[in-house]
Amino acid sequence: MNFAKKAYASSFTFTGGRNRMPLFPWIQALFYSPDMSDEEFFEQGKQLNVLISIACLTALGAAFFAKFSKSYSVYAIAVIAFLCFAIKAPWFQAEILFYTIFAFAFMLSIESIRCPKWYKSVGLGLLFALAHFSKASVLPALAIYSCIFAVPLLFDLFSRRLSRQRMYKIAFHAIAPLFVFLVALFPYFNESKDRYGHYLYNVNSTFYIWYDSWEEAKSGTRAAGDREGWPDMPAEEIPSLTKYLNEHSTADIVRRFYRGAMRIHENACSGPDSPSQFGLCIHTGISVLVMFSCLFAKVSGDRGRLTKKDIQIGLFAASVFFAYSLLFAWYAAIASGPRFILMLLIPLFWTVGLSLRSAPSINLPGSAISAYSVVILVMLLVLVSQTYELVTVRAAMLFGG
């Protein structure tokens, strides 16, 4: 709220202290008036976020229904709507806007890998830039995309079929999104360089991630003014990867990953009376099971064969899920809660939908009913049960932050 007020007062030249990103506060500032009290602005901001959530769901629904079957699309959008968006919509937070933009960037990444076109590469760079401007969490995904897109070069290199024209084409599609991303956000990055000394300066990824707890971060660089400029403290005390590795053993690092993973599981998957329980873990488990079952069915079928594109897309999706899960497990020592891992929810359902589309048709023995229909039915029944429990028990106690 303070960010939005400062953005309004500065005619949208205020870009924040490199903790929260400007897009969501700027949108809220469009509807702010100095005559509003904090309570009035808070209520209006929550109502606006509800409208943003509805618009995001509409766009996601259009994408899912255009790509997948009606039954699966209904299931996926219903889970996203009732077990995620409905809980986080009435908050003055940027998460839903970020989840949606990041999801579209993920979708377009897969489509660009499948059938690269120059306009897809440009659009992908713009989507990643917009997502980053709402929450600074997209750089790993952008880096993964660029690396995975270069996989065909390895195939061609080993088969000795690498032509200069093909090399240039692949290099263009791998680098173009990153180039567009940097150009689109150059004014913001340039301001970061002027004020803080680094183009990609962000207090979370620059400093906090290398602390062992939030208390250390508060008494460290935050207390030294890291949101106003480079922290005013001795250089040897400023946290960094090198400093962390010098001060921690391999066992410390493994222990941090393990404890973080357990904390994420506790926040997202604990009992129904937990204030963090969104009811999504059972759907995640079913989704992962369905993906591996579809992959096994395709590979083991009479005509089963994974193409180079299949491998690329699989590597991209698996790398995104794995990398972000590790990052969230690591960062759980500083700040936890389901809001981090929820950014992977929509990409997960998109990937499951793609798996179901590519799976061979299998009818149950002695029946005309397909295995696909049974899977969708089970998913919908679980969704109805979880939604009922959410509405009757969890909604009154859930923490959406």
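As a starting point, this report considers the structure included with it.

Calculation notes
- Residues numbered from 1 in each chain as written.
- Predicted model: local features only at pLDDT ≥ 70, side-chain atom pairs only at ≥ 80, totals over all residues.
- Heavy atoms only, no water.
- Core = buried A, V, L, I, M, F, W, Y, C linked by side-chain atoms within 4.5 Å.
- Buried < 20%, exposed > 50% of the residue type's maximum accessible area, 1.4 Å probe, protein only.
- Contact = heavy atoms within 4.5 Å.
- Axes fitted to C-alpha atoms, helices over the stretch in contact; angles between N-to-C directions.
- Helix = DSSP H or I, 4+ residues; strand = E, 2+ residues; numbered from the N terminus.
- Parallel < 35°, antiparallel > 145°, perpendicular 65-115°, else oblique.
- Nonpolar A, V, L, I, M, F, W, Y, C, P; charged D, E, K, R; others polar.
- Phe/Tyr/Trp six-rings, centres within 6.5 Å; stacked < 30°, edge-to-face > 60°.
- Lys NZ or Arg CZ within 6 Å of the ring centre and 35° of its normal.
- Salt bridge = Lys/Arg side-chain N within 4 Å of Asp/Glu carboxyl O.

### Observations regarding the nonpolar core
- By size, the foremost hydrophobic cluster in this structure holds 109 residues, and its most contacted members are Phe-64, Tyr-72 and Phe-85.
- Apart from residues no more than four positions distant in its own chain, Phe-85 is found in contact with Ser-53, Cys-56, Leu-57, Leu-60, Ile-80, Ile-96, Tyr-99, Thr-100 and Ile-346.

### A closer look at the packing of helix H5 (residues 95-114) against helix H7 (residues 139-149)
- One can describe the packing of H5 onto H7 by two numbers: an axis separation of 11 Å at closest approach and a directional angle of 5°. Judged by the inter-axis angle, H5 sits roughly parallel to H7. In this structure, H5 uses Phe-102, Ser-109, Ser-112 and Ile-113 to contact H7, whose residues at the interface are Ala-141, Tyr-145, Ile-148 and Phe-149.
- When the residues that make up the contact of H5 with H7 are grouped by side-chain class, the tally is six nonpolar, two polar and no charged.

### A look at the packing of aromatic side chains
- In the structure shown here, the tally under the stated rule is 36 aromatic pairs.
- Plain terms: the ring middles of Phe-64 and Trp-350 are 5.1 Å apart, the flat faces sit at 90° to each other, and that makes the pair edge-to-face. Note that Phe-64 is positioned in helix H3 (residues 38-67) and Trp-350 in helix H17 (residues 345-358), a separation of 286 residues in sequence.
- Among the aromatic residues, those joined into a cluster by ring pairs are Phe-98, Tyr-99, Phe-102, Tyr-324, Phe-328, Tyr-331 and Phe-340.
- Directly above the ring of Tyr-188 sits Arg-18, whose terminal nitrogen or CZ lies 4.0 Å from the centroid.

### Brief notes about the pattern of salt bridges
- Counted by the stated rule, this structure contains 12 salt bridges.
- Close ionic contact of Glu-43 with Lys-46 constitutes a salt bridge, the shortest N to O distance being 3.3 Å. Placement of the pair is Glu-43 and Lys-46 together in helix H3, with a separation of three residues, close to one helical turn.
- Between Glu-215 and Lys-218 there is a salt bridge, and its shortest N-O distance comes to 3.5 Å. One end of the pair, Glu-215, and the other, Lys-218, are both in helix H12 (residues 214-222), three residues apart, so they sit about a helical turn from each other.
- Its relative accessible area of 51% is what places Glu-215 among the exposed residues.
- Beyond isolated ion pairs, a larger network of salt bridges with shared partners links Arg-18, Glu-191 and Arg-195.

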